[in-house]
Each structure stands twice: as C-alpha cells, then as structure tokens.
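Examining the three-dimensional arrangement
The residues making up each chain are set out below.
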Amino acid sequence: MGRILWVVGFLALEASTATAQVKAFVAPSPADLPPSRRVGGRAGDIVLGNGLITVVITAADHAHRSAATGGNIVDVALNETRKTGSKTLQGADEIDQIMLFLGRYPRQGRYQSVRIVRDGSDGIAEVVAEGVDSGDGTLKLKTVYRLETNKPYVLIRTTVTNTGDKTLQKFDLGDAIQWGNARPFAPLFGFGIQRRTETLEWVGAEGYGIAYGWCTTQGQNRVINGMGWSDPIASTADLPLGASLSYERYFIVAKDLANVARLAWGLQQKPLYLTRGIVRSRATGKPVFGVRVTARDEAGKPPSERDTSVAATFTSKKGEFEFWLPKGIYRLKTRHPARLSLREAVVVLPSTVASLPELLVSGAGVLLFEVRDANTKELLPSRLTFFGMEGTSTPDFGPSFLASGAENYVFTATGKGVRTVPPGRYRIYATRGLEYDAAFTEITVPEQKPVRVIFTLKRGLETKGWIGADFHIHCSNSFDSAVSLEDRSISCAAEGLEFIAITDHNFITDPLPVIRKLGLEHWLAGCAGQEVTPSNIGHFNAFPLQPNPKKLGNGAVPWEGVKPKEIFAAARDHPGEQLIIVNHPRFGNIAYFGYYRFDPDTCSSPHPDFRLDFDGMELFNGKAQTDLNLLFRDWFGLLNHGHRVTATAGSDSHQLTMDEVGYARNFVFVGTDDPCQVTPEMVVTAVKEGRVIVSLGPFVTLTAEGRPMGSLISKPKGDIALTIRVQAVNWVSVSEVELIANGLAVKRWQLSKGRRAKSEGRKTDWQVTAKVRPRRDAWYAVIVRGPKGGLEPILRPFRTFEGQTFHPIPMAVTNPIWIDRDGNSRFDPPMRRVLP
C-alpha cells in the first residue's frame, strides 16, 4: 500500500501543473529573464522554460563572477513567482551559479561554444556547452543541459575525454554550486551542513518561496560544503588516456525542501510514504499559516548538537503540511521566529494510523527594544544576541545573512526596533563592538503581550584619535556571500566599526552610496576595494579602488592568468594611493606564502614571480587564529630583513554570524574619532606608517620615549622607556602581556587571575613602563593574550572546514616601534630572525 502511494504521489507531482510547452531561446533583453533576487543572466544568455521552472545558462562569452567562461547555470526560478504585499518575490531566482567541479576547485569548464541543440518543439529542450578543463586543456568536455515538459528539474550530463599523455587517477567529477541567497540544507544535517564534508543522498537549499536540490540517481555522493556553497562529487574515477567518462545529475526546483526531498528520493527510486498533519495555536485553537515543520530522523543516536532533519516545509493557509518520506521513525517539529513549539509528534512509516498528527504552537511573543549610550542617551547602532534559558530554546530568527534576524543575532542601525520571538525566558546581550561594555538582561516574553526593554551601553575604552576598521569584508557581489550591502553596512555599524573596505572577490563594491542611504555616515566611513582572487597563487586585498561599471567586475583588477607583479601594478594604476595586503598568507591552497614557498629565515622564495612589494600582511584572519605561529614567524622574518610590512587584520566575513564582521579588526590612528572626517587617504597613510593595532578583543598601545608606533627613535645611549597600556571592555578577558624585540620575547607580565568573559565582569585598564637597553638597532612590539573562550558568549565558537571547533582567544598585537641605536638615523635590520 505504501509503495503504491509513493508511485501515485510522485507521478501526481510531475503532472500537477497543466502541460506547458518546453522551450529554449536566446534572451533578446533582460525582460525575457526570470525574476531574480540574485541576478546572473543578461541579454544574450540562453533561457530554458517549461511552465514549471525557468533556467538561465550563460552565453560562452559571459563569464559570471568566478566562472572562467559562460556555459553555466546562473538563474533558476519557479514560474509561479509572486509578490506578497511589499515583500520580496516568492519563487524568484536565488542561485548565484552552478558550474563544473573538476579535480579540485577552481578547476571547471572553459567552454568555447554554448548552443541550443533542441528548441523544445518535441517536448525536450537541450543546450550543449563544449570546451576543456580550465586546469588541463587535454581534458575535453561536453555538458548537456536537458529540460523536459512538466519536469521540475534539469538533467545535467557531462562527458570528459582524456586526450592527454597520462591516466588521471581518482579524479573527482561533479559540480560547484554557489547557493547565493538560498540557505544550504542536507538530510540528517538540516541547516547545519555548512563547513562539513559528508556523504549525502542529496543536498539542497531554501530560499524565499523556492527551494533547490542536487542529486544523482545512485545517491550517497560525497559533498564538500562551505559557507553558502556546496561541491557535490558525482563520480570519482580513473580516466585512462583516450578514455571518456559520462556522469549525470539532476538540479531540482520546488516550492519547499519537502518537495525537493520527494523529487530527489523519487529519482533514486526510493519507496516513499505519505504523512500529513496540521498545526494549531494553543491560544485560539485555530490553524496557523506559515509555520516551518521539519521531519527529523529518530533512528540511531546522532550527536546531540546535530539537527537530523531530512526535509522541511511550511504550513498552508489551512495550517496543513505533508511529507513523503522513506520508511523510518520521524519526529515532526515546528519552528517559528515568533512562536514556541508546544507539541511535537512522532510518526512511524509506513503507518496504519488514519488520524492526522496535530502539532501545537504558542501565540507570538513580541519584544520592543532600545539601545542607548549610557552618557549621551543617544540611540546606538548595535547587536542583540539572544540565548534561551530555563528550558527555552535559543531562537533562530532566520538565515545568517539577514540583519533583521540572523540565527540568534539581531542588528539594528537605528538603536531601536521590534523583534518577534517565541514566548519564553531569555538572556539578551546588547553590544557594540570592542569599544563598548556589554549590557544584558534576563527577561520573560509572554504570549500576545509586547515587552519593552532598554539597554544602556557605556564606552569602555579610551581610543581618542583611533578608529576601528575592517579591511576584509564580503557582500553579495562575492560568489560565496549572500549578505546584501544594506545588511552588511548595518552589521558593520552595529559592531562598532568606523571604517570599512568592502573587498568582494574580483568585483569592486562601493559601500558609500548605501551608507548614505541608510543614514549611517555619522557612524561609518568606507571605500571600495577588491579581494583579488586568482587560482592557487594567493589572495590579495587592494583598496581604495575606483569602480567602473563598463568593465568586467565593475573595473576589477585582473585576476586570472596574472602574476603578483601584474596584480600589484594594476591595483596601483587606480587613482590615488592604494594599500595592497596579502590575505591569509598560510591558509591552504589560497596562501601566497605557501604557494611560493616563502622562507622567512632568508626572506626569499625559490620562485622568480614572488614579490615583496606589498604594504601589509593579514596577521589575523577572522576569529580563529589557526596558523598564527607560522604568520608570526613570517612577519618577524620580514621585519628582521628590513621590510616594513604592516601587520593588519580582517574578519573575512561572508555571513553575519559564524564569521562576524569586525572580528578581528584594526585600530588605526588617524587623529580623529569622527567617521565623517575620515578619508581613505588618511587610512592608507596611517597603515603604511605602521600606526595600526591588530585586535581580536583587547586594545593595546605602545610608546617609546612618548612617541607612538611606527616612529624611528634615535638614542645611542641609555635606557629607553617603553610604555604599554592594555584596555579591554567587560566581555573581553586578558591574561598575559608580552614584549617582543626583533622577534624575541624579552619581557612577560601575567595579569592577576585574568578575568571572566562575562558582561558582568570587570574591565581591564593596565599600564606598565619598561626600560630596555638594546645593544643594536631593534624593533619592539607587544602581544596581548587572553584565555581560550575569553570572548564568549558574545563571539560564538568557530567550526573549521575540517570539523574542528575553536574557542576564540582574545589577542592584540601592536606594529613596531623602531630604535636607531647606533645613531645613523636609520634602522639597520638584524638580517636574521631571532627565535623566541
């Protein structure tokens, strides 16, 4: 009986819409493209449509974002796209791009031709893209995109032919999916699939009124998942000389993930069984519309922190929902940003029970909030962080790219707002970055009765003349970020940043028009930049840059097939003076120092293309400093060889939650605290002169004989007085201060017992004057550290791609002060690194 239900249900899904002719055509104008929240297509691209879905494939000469050429899917929308009031279009395209994965990203298809071979007049539309592997021209490629009448999915078939002189062994073949504005999902992991490599039956993503899925008929594919992207591997095989290999996969489009799951399992010929239910309000007894319902696999004992959801849907206007699921035991659970789940249900499939499960939810909870400066009473841009207490779950307000509610964070540009929240007991923190103490409250939010709360934040640091700056930030113009420029600007102001460089991958994004539109110029200044992202040789930030909408990447610095010398020169060809910073120099296959085998002991590389004419290196990248010892060694080596490379920080933020913007950040001395007076030129000058503190929590200053960082001090005789001051707000713990001379730790101070990393803890304000007497020219810097987890709960732990969890450690590093000991009015480097 159950299997018959599966067959009937699956066929009914595919035939549920009236037959519409499938077609393939070249779009004459943008009006012929589907509605999109993540526009990728343009006039001249190829459109496939069949009445259910519309798909856009780029023309051969249209290299969208990170693609080498055209021939890739860039837009996928439901044809039932509609508006709900003033809200965003439901069912509109949310995808950024789907392209081949060959061996290792960013290897992909480099297509010379993309053409329509079947126009749909016989019920089938096909587009063929032909070319070669971008990393190996001897691998010939042919990719077919096939759309049939009333099929809510595209069949993708790729044939790879090895015309080279050697066998490819264990070669990975699949796709690189950049989910754009859709939130990644996978069965047995739910929305917690990011930064995991797992074997999955299918992988998908949820947008606004639309959902996507990728699968093969055999299922159980290895899928590498990052932040907003997935690389599913359809086949891993040996490919001998002269041999060809073909592999097929399906890209599914539906209104929700429950239908994506049904289609994926149907294509894999899995028996499926129907379960239906209804969700009601306990307060009124009436059905509730728009409640998310997930089906969680109850088999086995998965890790307690893992979401075992296999599918998700939303209740209809009648409060009803349904799933088609494989045989098993499932817990049906509700999730809503304003309602509490009160009754769940467990179903066993196949089921002989005729009654429908009835789930109960509470009425809505409403919080009215204000965040004000403790002294001026001015409303402050800020972040609220919610934690459930006493049995109340920590809320999930939405995907990690929406400032109005990103998981358990809420960002406000105005300092006040209204937030629906499930009724219950919460601890709520209000914060504004590293210069303000945190405030918190514990509050009970009842049903259907608004609660008001006012937070007052006190500035906790003395930072006159210094601005907080983040030089490494991504928005939706990066293929791997879904954060709009509006939401990004709000989050930056809320985290207390005063200057930002937007550095999208291979695209120049100017934040200033949006900052002005939002009325944030009193709080935030910024400039356009770019993360120059070539294949393999490393990533480089360059700013300020001049946007040019008539050129590729809005005037981006060329990134493909270029050498470091050419990247640096092209960046400096922009008007004005630029900063060039080497990003994450030791991070995997995107590491400049790693690729060119930079040796800090000799300050050299065996590769003739390696260049040292950059201005800064990213000492802190994000909040998990996993390669910091190597980076200290590199930086000390550069300084000891006389290269005045400024240490900088960047959050490398792509989301609003896991990689929060402003952590880590730079404190830059520009002589003013007013963002309205700060110009990119002032920031560039200050960074090149070394007036930068790199911080993941503490604020530390270093002076020598009263002169600041970056100074050259000539004093042939006697002691030199170094004054160190360490400050930290009440949620940042500090425990150790270390003085470094020419790469050697020469003094160390332990702060008494450190401090607890809680908003009710005490602040740090510690100062010491140390006298040093170097025998030769020397540079001095200071490193401040705190205990592991000393930034929690304001900063959450960080999970790496390898599955390791890091509890961020508070740290800060000053750039050097230079001592001219022999009185020749210059710094003579020691020419070798002194091991600590």
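All chains use their own residue numbering, which begins from 1 and follows the written sequence. Per-residue local features are limited, in this predicted model, to residues with pLDDT of at least 70; the limit for side-chain atom pairs, both in listing and counting, is 80 or more; totals at the level of whole chains, interfaces and linings are taken over all residues. Based on all heavy atoms of the structure, the side-chain values leave hydrogens and waters out of the count.

A count of helical and extended segments in the protein chain gives eight helices and 53 strands. Rg of the C-alpha trace for the protein chain: 28 Å, near the compact-globule value of 28 Å for 836 residues, within the 12% margin. Its C-alpha atoms put the protein chain at 95 × 70 × 45 Å along the principal axes. Throughout this description, buried means an accessible area under 20% of the type-specific maximum (1.4 Å probe, protein chains only), exposed means over 50%, and partly exposed covers the range between. Expressed as a percentage of the 836 residues in the protein chain, the buried residues total 60%. Contacts in the protein chain between residues far apart in sequence, at least 24 positions, make up 69% of those at least 6 positions apart. Total accessible area computed for the protein chain in this model is approximately 31,700 Å², and 51% of it derives from carbon and sulfur atoms. When charges are counted, neither His nor the chain ends are considered; positive counts come from Lys and Arg and negative counts from Asp and Glu. Charge positions are represented by NZ for Lys, CZ for Arg, CG for Asp and CD for Glu. Computed over 99 positive and 86 negative side-chain charges, the inter-centroid distance for the protein chain is 5 Å. A run of H or I in DSSP counts as a helix once it spans at least four residues, and a run of E counts as a strand once it spans at least two, with each numbered from the N terminus. Note on method: radius of gyration uses C-alpha positions; expected globular size equals 2.2 Å times residues raised to 0.38. Pairs of residues are marked as contacts when any of their non-hydrogen atoms sit within 4.5 Å. Reported accessibility uses the Shrake-Rupley method at a 1.4 Å probe radius. Residues are deemed covered only where the shown protein chains occlude them.

Right, let's talk about the side chain of S605 for a bit. Locating S605 in the fold gives a position in the loop between helix 6 (592-595) and strand 39 (616-621). A relative accessible area of 18% means that S605 is categorised as buried. Among the polar contacts listed, one links the side chain of S605 to the backbone oxygen of Y596, at a separation of 2.5 Å. The residues contacting S605, other than those within four sequence positions of it, are Y596, R597, F598 and F610. Polar contacts, as counted here, are pairs of nitrogen or oxygen atoms within 3.5 Å of one another; within protein the pair requires one atom able to donate a hydrogen and one able to accept it, and residues that are adjacent in sequence qualify only if both atoms are side-chain atoms.

Moving on, we get to helix 3 (residues 485-494). Counting buried residues in helix 3 gives nine out of ten residues, a clear majority hidden from the surface. The set of residues buried in helix 3 consists of L485, D487, R488, S489, I490, S491, C492, A493 and A494. Where the residues of helix 3 are buried, they touch strand 27 (382-389), strand 28 (409-412), strand 30 (424-431), strand 33 (466-473), strand 34 (499-502) and helix 4 (512-517).

Attention shifts here to the confidence of the model for the protein chain. Overall, the predicted model of the protein chain reaches an average pLDDT of 92, with 94% of residues at or above 70. What pLDDT expresses is the predictor's confidence in each residue, scored from 0 to 100. Throughout residues 1-18 the model reports pLDDT below 50, and contacts reaching past four residues in sequence, or to other chains, amount to 27 contacts.

Strand order in this open sheet of three strands is 29-26-32, and the pairing throughout is mixed. Of all the strands in the sheet, the pair left with one neighbour each is strand 29 (416-421) and strand 32 (451-457). Sheet twist, expressed as the average angle between the axes of neighbouring strands with direction ignored, equals 25 degrees. Should DSSP find at least two bridges between two strands, the strands are taken to pair. Direction of pairing for strand 26 (residues 365-373) relative to strand 32: parallel, over a ladder of seven bridges. Residue pairing in the sheet places L368 in a bridge with R452 of strand 32. Note on method: axes are straight lines fitted to C-alpha atoms, helices fitted across the in-contact stretch only, with angles between N-to-C directions ranging 0 to 180 degrees.

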